[in-house]
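So you can see what is in the structure, the chains are spelled out below.
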Amino acid sequence: MISINRRSWLTGAAGAGLAAVAGLRPSLADDTPGVTATEIRIGSTTSLSGPVSALGVQARCQEAYFKMLNEQGGIAGRQIKYIYYDDAFNPAKTVEQVRRLIESDNVAFLFNMLGTAPNSAVVKYINAAKVPHLFLSVNGDKWGDYKSYPWTMGFAPSARTEAQVFVKYALSQHKDAKFAVLYQNDDLGKDFVAGTKDVLGERFATSAVVASHEVTDPTIDSQIVALRGANPDVLISGTTAKFCAQSIRKIYELGWKPMHFIASGAASLSSTIIPVGLDKAQGTISSAYIKDVADPAWANDQGVKDFLAFMEKYFPDGNPKEGYNLYAYMVANVLKIVLEQCKGNFSRDNIMAQANNLRDVYVPTLLPGIKVNTSPTNHHPLQQLQLQRIEGPGWLRFGEVIQGANL
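Residues numbered from 1 in each chain as written. Predicted model: local features only at pLDDT ≥ 70, side-chain atom pairs only at ≥ 80, totals over all residues. Heavy atoms only, no water.

## Thoughts on the pattern of salt bridges
Stage number 1. Evaluation of the coordinates by the stated rule reveals eight salt bridges.
Stage number 2. Across the salt bridge formed by Arg99 and Glu103, the nearest N and O atoms sit 3.0 Å from each other. One end of the pair, Arg99, and the other, Glu103, are both in helix H4 (residues 91-104), four residues apart, so they sit about a helical turn from each other.
Stage number 3. A salt bridge links Asp198 to Arg160; its shortest N-O distance comes to 2.6 Å. Of the two residues, Asp198 is situated in helix H7 (residues 187-200) and Arg160 in helix H6 (residues 159-173); the sequence distance between them amounts to 38 residues.
Stage number 4. The class for Arg160 is partly exposed, based on a relative accessible area of 22%.
Stage number 5. Sharing partners across several salt bridges, the network here consists of Asp141, Arg160 and Asp198. (Salt bridge = Lys/Arg side-chain N within 4 Å of Asp/Glu carboxyl O. Helix = DSSP H or I, 4+ residues; strand = E, 2+ residues; numbered from the N terminus. Buried < 20%, exposed > 50% of the residue type's maximum accessible area, 1.4 Å probe, protein only.)

And the structure:
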């Protein structure tokens, strides 16, 4: 937990004229909660303990980013006070900590909160309070539901967008392709089914077969065998790393050679591909939208160099090759652009308005051609991906950037 020292709110100058105006409109403190003449308070929850505590490094990296930003003068003359609390990935604790951030710490807005279940526990409360709930660290498509949650916005391409890109590419190679979707029976997996339907439309009923599994299942071998029986040309493994690895292994054992796509969240060379065997994974396709610091292709890239310099100076305890750190740095960079667009007006209404007003924003750690776009009716900031294929010792990007269906 990051402790803070309370500072008094900026008060208006004394005087009869201002006193009269005060009776007609809210005070500055009411207009701009979490903002003083010298400070902007930002809140978040994350997992510093519990089952996914490794993901908590994102908040620590962003704390370092805001330290760098403050040394550079902050935003509109104000320093960023970043307050984040551990919820241990426990939704009940998330409720407690978010209430603390909004009602006690009086933050201006919430940023990059981690996890589907934790955010689900508080999203209605946050929207009822009209607090910007920005750039969540989640991948579910539902976080772009601007009608239900106008104050909430995800960030990374959703699993639904990823499935749309997979299907669009497959159809570009084989216009009459038949599809099989292996999916985990949860929000993640169902987004892969939805994205496939988005592109296939009426063809889905005759051109696709699906098979689900539970996260507690020991294997998905029987599902792969059943899907192969439908003789599809394309297999989409819309699931987590353990089951994507099993699908790679099983189709190899069966001698089946579909065009095989796996979820980007399961595409780690070290934890998924290499343990299965590079020989078994050759030709497997996934997607990417952010530069890989470990890829020699980016050794002389200025965006990567700037990130590595930041890590060395401001977060030396962090691993620069850990993707969570690069992701956290990138999202904080986009938030900086939002705050700069506020032009000193940090009311919650204006912060949300500027989050809804990102037009072809490029940050140097995104892959070339991939840009951030938002609007009041588009709460999916990233909807573009580039495909990558296992060739030889690792992933090799190929083709053009592909846009999701942009529904």
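After that view of the structure, there is still more to cover.
## So, the packing of aromatic side chains
Stage number 1. This structure, assessed with the given rule, holds 14 aromatic pairs.
Stage number 2. Judged by centre distance (4.7 Å) and plane angle (25 degrees), the ring pair of Phe166 and Phe261 falls under stacked. Of this pair, Phe166 sits in helix H6 while Phe261 sits in strand E8 (residues 259-262), and the two are 95 residues apart along the sequence.
Stage number 3. In this structure Phe166 comes out as buried when scored by relative accessible area, which is 0%.
Stage number 4. The interplanar angle of 65 degrees and the centroid separation of 5.1 Å between the aromatic rings of Phe307 and Tyr329 together place this pair among those described as edge-to-face. Here Tyr329 lies in helix H14 (residues 323-341) and Phe307 lies in helix H13 (residues 302-314), a separation of 22 residues in the sequence.
Stage number 5. A residue is classified by how much of its surface remains accessible, and Phe307, at 0% relative accessible area, is buried.
Stage number 6. Joined through ring pairs, the aromatic side chains of Tyr65, Phe66, Tyr82, Tyr84, Phe111, Phe307, Phe310, Tyr314 and Tyr329 make up one cluster.
Stage number 7. Positioned above the aromatic ring of Trp298, the side-chain terminus of Lys291 is 4.9 Å from the ring centre.
Stage number 8. Over the aromatic face of Phe398 sits the side chain of Arg389, whose NZ or CZ is 3.9 Å from the ring centroid. (Phe/Tyr/Trp six-rings, centres within 6.5 Å; stacked < 30°, edge-to-face > 60°. Lys NZ or Arg CZ within 6 Å of the ring centre and 35° of its normal.)

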